[in-house]
Amino acid sequence: MTPLGWGRRYLMCPPTHFGVLYEINPWMHTEVAVDRDRARSQWEGLVSTLRAAGAEVVVVVPDESVPDMVFTANAGVVNLRGEGPPQFVPSHFRFPERQGETEIFAAWFAAQGFAVDRLRPELAHEGAGDALPFLDTLLSGYRFRSDQPAATELSRLTGAPVRSVELVDPRLYHVDITFCPLDDRRAMCAPMGWDAYGRRVVEALVPEPLWLTDEEALTFCANSVVVGSTVVMPVTPPRVGRQLEAWGFDVVDCDVGEFLKAGGGCRCLTLSLDVDLATATGPVT
Amino acid sequence: MPVVETFEVEGHIVDSLILAKVLDLILEAGADYRMVAVDIGRTSVDPSRAVLEVTAEDDAAIGRLAEQLRVHGANPVGSDDAALAVAEQDGVLPAGFYSTTNLATEARIDGRWVAVANPEMDCGLVVDRGGQPPAEPTVRTVPMHRVRAGDEIVVGNDGVRVRAPEKRRGVSTFEFMDSEVSSEKPKALLVRNLADRMRAARATGGRTLAVCGPAVVHTGGAPEVARLIRSGWVQVLFAGNGFAAHDLECNALGTSLGVSVAEGSPIDGGHSNHLRVINEVRRHGSIAAAVEAGYIDGGVMFECVTGAVPFVLAGSIRDDGPLPDVVTDVVAAADRMRELVGDVAVALMLATTLHAIATGNILPAGVETYCVDINQAVVTKLADRGSHQAHGIVTDVGPFLRQLADELGA
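Every value quoted in this text rests on a predicted model; they were computed, and no experiment measured them. (Residues numbered from 1 in each chain as written. Chains lettered and ligands numbered in written order. Predicted model: local features only at pLDDT ≥ 70, side-chain atom pairs only at ≥ 80, totals over all residues. Heavy atoms only, no water.)

Participant: Whenever I open this one, the packing of aromatic side chains confuses me. Can you help?
Facilitator: Aromatic ring pairs are defined here through the distance separating the ring centres and the angle between the ring planes. With the rule as written, the count across this model stands at 8 aromatic pairs over all chains. Among the aromatic residues, ring-to-ring pairing joins Phe88, Trp108, Phe109 and Phe114 of chain A into one connected group. Directly above the ring of Trp113 of chain B sits Arg161 of chain B, whose terminal nitrogen or CZ lies 3.8 Å from the centroid. (Phe/Tyr/Trp six-rings, centres within 6.5 Å; stacked < 30°, edge-to-face > 60°. Lys NZ or Arg CZ within 6 Å of the ring centre and 35° of its normal.)

Given below as structure tokens:
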């Protein structure tokens, strides 16, 4: 088993302005108050957990106009692409509430020396939230937040093969709530989030899936961060924890309950800065 | 009326099963598809592309389906309107004109697909804007010589699409027979099937056209054609001077090209019989006048005149006489034929090569065409000239017609 080649360097955004100020997924309820101090300490807890697991955390300055900026996973798609300047494809958000994030992140990445390559403006795609690498392939979700044709664009821009899965449950509105790559053979997989075609796509892609039950999937356990052999989980259903440990992973619980109120877990709060989508050249299967 | 729309889907549609899903959705919606083009990427990074022609029952159904397919990245191909050019002189199409086939054809005008009113091969397409706006534009085929200066003509191939004739469900005798043109077929069965097709056509208001060569008369088939006309099974007749002359000769003098139709033996001096009959009809001024005067009192042309069945006798360079009804200007003759093929649903090409091909050229592909000839080559020749819809029946036309008339109870 080879550990993931990415996931040791993260971009995060402090929850200075975080709150459930609008409702754009079934988890968000504006009448549920966010305890901002608690959110801050949970976020700091995640930062220190990741650092303890051996990851580096880089921080972007939050912007008051976009409270969901804390969910940096949705900033865009990062691709170090070997030599030359690294690449950043900023997201195009479906909802106006988040559209202000695009230019903030684009400016940040440009300042870091990234080449910023953009999707066609009419296509929505929410970055790593809807595109996770498994081996050389990006698994991209579509329907609620991202458009299927954006996958083709993403492939064209990054040079990586992209496989699309249709998301069918609005509670699992991003692919990163349904799918968590663990190493080069394994991933947590929530089939309830995909249609029958999507399930077959994942079956063909992942040699050893850890299939989550519906109940497990709805805990957001797939929205975990993997740092080498450490899995940092917002919630750990017992059976899932046992299986991960049996596979040799260290499972670390990290309470991000305030963020779950907005429909985001550990993965949503992080954007891996060290993804390298090496050009795949395998045959079409 | 079924509606056809072209969709395109691109990307990693094979690995992601998007193509499979799109095809399934089309079928689940009760629509059908035809793969127009599939370009599968060579590696897993290369995008694949599929172009689908989707047929749904109406505009609303295609609209609903388009909404569904859009989610999966399959979008209607933004088809361009057909390009138009104005004809500058009478009888001359603009350079680059769209050259038609005999298939059902549609042209996209002002963003809408408009069906071509009268499909015919080897023509141009002229767009009529109609009278007062907002009249819908119409599109019709136009043979070269009928173009008028100022006509709007479709040029290039963009914005034009053709539809292959629908395959009939199930295997019938004719599908079976289509494997090859062969004389080794059960004739009685073919006759019965043809009779069924003619009945079906008549029941739905379609007309049957007979295209007859002189051999119909020589082989004793003329009385059977007369029966079919008299009892309303054949409603349009195309022939040449020869067929009509021998039919009239047969009626007036009992011979066909000087051979007694009853006895089968040559009559003394019979070689000039048809000339004498043509001469008499010319004296009367027309076949109708000869019928009215009582000179002709039976036969195919008699039935046409008395039954008001329209006919076109087209001239040729070999004609004796010719009969006064023969249209000797071949371009005018073809135009007369065009006027009469409008609601023809079944065409019988009876023992004639050149007339069958000429008629095949002006028939839409949707017309069921049966080519009856003792010579296998005629059927092949007709198909080779673009009338792919032609079914071949290789047999002696005389006995065949008798069986057909009996089968139809004519």
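Participant: Please explain the interface of chain B and chain A as it appears in this structure.
Facilitator: Size of an interface: often given as the accessible area lost when the parts come together. Contacts between the two partners involve 19 residues from chain B and, on the opposite side, 23 residues from chain A. For the pair chain B and chain A, the summed buried surface comes to about 1,800 Å²; carbon and sulfur atoms form 55% of the total. Viewed at the interface, chain A and chain B are joined by 3 salt bridges. Its salt-bridge partner being Arg163 of chain A, residue Asp15 of chain B comes within 3.9 Å of it at the nearest N-O pair. (Contact = heavy atoms within 4.5 Å. Buried area = accessible area lost by both parts, 1.4 Å probe. Salt bridge = Lys/Arg side-chain N within 4 Å of Asp/Glu carboxyl O.)

Participant: Help me out: how do you make sense of the confidence of the model for chain A in this one?
Facilitator: Regions with low pLDDT carry predicted coordinates that are not meant to be interpreted in detail. Across chain A, pLDDT averages 93, with 98% of residues at or above 70. The low-confidence segment residues 279–285 of chain A, where pLDDT is below 50, has 20 contacts with residues more than four positions distant or belonging to other chains. (pLDDT = per-residue confidence, 0-100.)

Participant: What is the right way to look at the environment of Gly269 of chain B in this model?
Facilitator: Residue and element names in this part refer to chain B. Take Gly269: it is sitting in the loop between β15 (259–260) and α8 (273–284). With a relative accessible area of 38%, Gly269 lands in the partly exposed category. It is 7.4 Å that separates the C-alpha atoms of Gly269 and Gly258, two residues lying 11 residues apart in sequence. (Helix = DSSP H or I, 4+ residues; strand = E, 2+ residues; numbered from the N terminus. Buried < 20%, exposed > 50% of the residue type's maximum accessible area, 1.4 Å probe, protein only.)

Participant: What am I meant to see in the side chain of Glu258 of chain A here?
Facilitator: Residues and elements named next belong to chain A. With respect to the helices and strands, the residue Glu258 is situated in helix α8 (residues 257–260). For Glu258, a relative accessible area of 2% puts it in the buried group. One polar contact links Glu258 to Arg38, side chain to side chain, over a distance of 3.2 Å. Once residues lying within four places of it in the same chain are set aside, the contact partners of Glu258 are Phe18, Ala33, Val34, Asp35, Arg38, Ala39 and Gln42. (Polar contact = N/O pair within 3.5 Å; in protein donor to acceptor, adjacent residues only side chain to side chain.)

Participant: What am I meant to see in the pattern of salt bridges here?
Facilitator: Two side chains carrying opposite charge are able to pair once their charged atoms lie near each other. All names here are of chain A. Here the structure, examined in full by the defined rule, presents 40 salt bridges over all chains. For the salt bridge of Arg94 with Asp147, the shortest nitrogen-to-oxygen distance reads 2.7 Å. Highlighted residues: Arg94 in the loop between β4 (87–90) and α2 (96–99) and Asp147 in the loop between β7 (137–142) and α4 (148–158), separated in sequence by 53 residues. The class for Arg94 is partly exposed, based on a relative accessible area of 30%. Taking the shortest distance from any N to any O, the salt bridge between Glu126 and Arg145 comes out at 3.0 Å. Of this pair, Glu126 sits in the loop between β5 (115–116) and β6 (131–134) while Arg145 sits in the loop between β7 and α4, and the two are 19 residues apart along the sequence. As far as the burial class goes, Glu126 and Arg145 line up, both buried.

Participant: Sorry if this is basic, but what is going on with the packing of helix α6 (residues 222–230) of chain B against helix α14 (residues 397–407) of chain B here?
Facilitator: A packed helix pair is summarised by two numbers, namely the angle formed by the two axes and the spacing between the axes. Residue and element names in this part refer to chain B. One can describe the packing of α6 onto α14 by two numbers: an axis separation of 8 Å at closest approach and a directional angle of 25°. The angle between α6 and α14 places the two elements in the roughly parallel class. At the point where α6 passes α14, the crossing takes the left-handed sense. Note on element contacts: α14 touches α6 through Leu401, Arg402, Leu404, Ala405 and Asp406, opposite Glu224, Val225, Arg227 and Leu228. (Axes fitted to C-alpha atoms, helices over the stretch in contact; angles between N-to-C directions. Parallel < 35°, antiparallel > 145°, perpendicular 65-115°, else oblique. Left-handed = near helix turned anticlockwise from the far one by under 90°.)

Participant: Can you walk me through the sheet that holds strand β17 (residues 344–350) of chain B in this structure?
Facilitator: The strands that make up a sheet pair up through hydrogen bonds in the backbone, lying either parallel or antiparallel. Residue and element names in this part refer to chain B. Pairing in this open sheet of 6 strands is parallel, and the strands run β16-β13-β12-β17-β18-β19 from one edge to the other. Here the strands that pair on one side only, and so sit at the sheet edges, are β16 (311–314) and β19 (390–394). Between one strand axis and the next, the sheet turns by 15° as a mean value, whatever way the strands run. Where β17 meets strand β18 (residues 368–373), 5 bridges bridge the pair, whose relative direction is parallel. Pairing of Leu350 across the sheet is with Val372, part of β18. Packed on one face of the sheet, helix α12 (residues 354–362) meets β12 (207–212), β13 (236–240), β16 and β17 and runs near 135° to β13. This element, α14, spans β17, β18 and β19 of the sheet and lies at about 145° to β17. (Pairing = 2+ DSSP bridges.)

Participant: Mind showing me how you'd approach a nonpolar patch on the surface here?
Facilitator: Residues Met35, Val38 and Ile40 of chain B make up a contiguous nonpolar surface patch of about 230 Å² in total accessible area. Along the chain, Ile40 of chain B falls in the loop between β2 (32–39) and β3 (48–56). (Patch = residues over 30% accessible without salt bridge, like charges linked within 9 Å, V, L, I, M, F, W, Y side chains within 5 Å. Areas by Shrake-Rupley, 256 points an atom, 1.4 Å probe, with all protein chains shown as cover.)

Participant: Honestly, the sheet that holds strand β14 (residues 250–253) of chain A in this entry has me stumped. Any pointers?
Facilitator: Residue and element names in this part refer to chain A. The mixed open sheet is built from 3 strands, whose spatial order is β12-β13-β14. The two strands at the open ends of the sheet, each matched to only one other strand, are β12 (225–227) and β14. On average, each strand axis in the sheet is inclined to that of its neighbour by 20°, with strand direction left out of account. Pairing analysis gives 3 bridges linking β12 to strand β13 (residues 230–233), with the strands arranged antiparallel. The residue of β13 that forms the bridge with Val226 is Val231. Against the sheet, helix α1 (residues 36–52) touches β12, β13 and β14, its axis set at about 175° to β13.

Participant: How do you make sense of α4 of chain A when you look at a structure like this?
Facilitator: In an α-helix, one full turn covers 3.6 residues, which means residues spaced three or four apart are oriented alike. Counting buried residues along α4 of chain A, 10 of its 11 residues qualify, which places the element largely inside the surrounding structure. Remark: Gly159 of chain A follows α4 of chain A within two positions and exhibits a positive phi of approximately 75°.

Participant: Is there a simple way to think about the pairing of β6 of chain A in this case?
Facilitator: The two faces of the sheet receive side chains in turn, since in a regular strand these alternate between them. Residues Ala131 and Pro133 of chain A point to one face of β6 of chain A and Leu132 and Phe134 of chain A to the other, with burial holding for every one of them. Where β6 of chain A folds back on β7 of chain A, the antiparallel hairpin that results is connected by 2 residues, among which Leu135 of chain A adopts a positive phi of roughly 55°.

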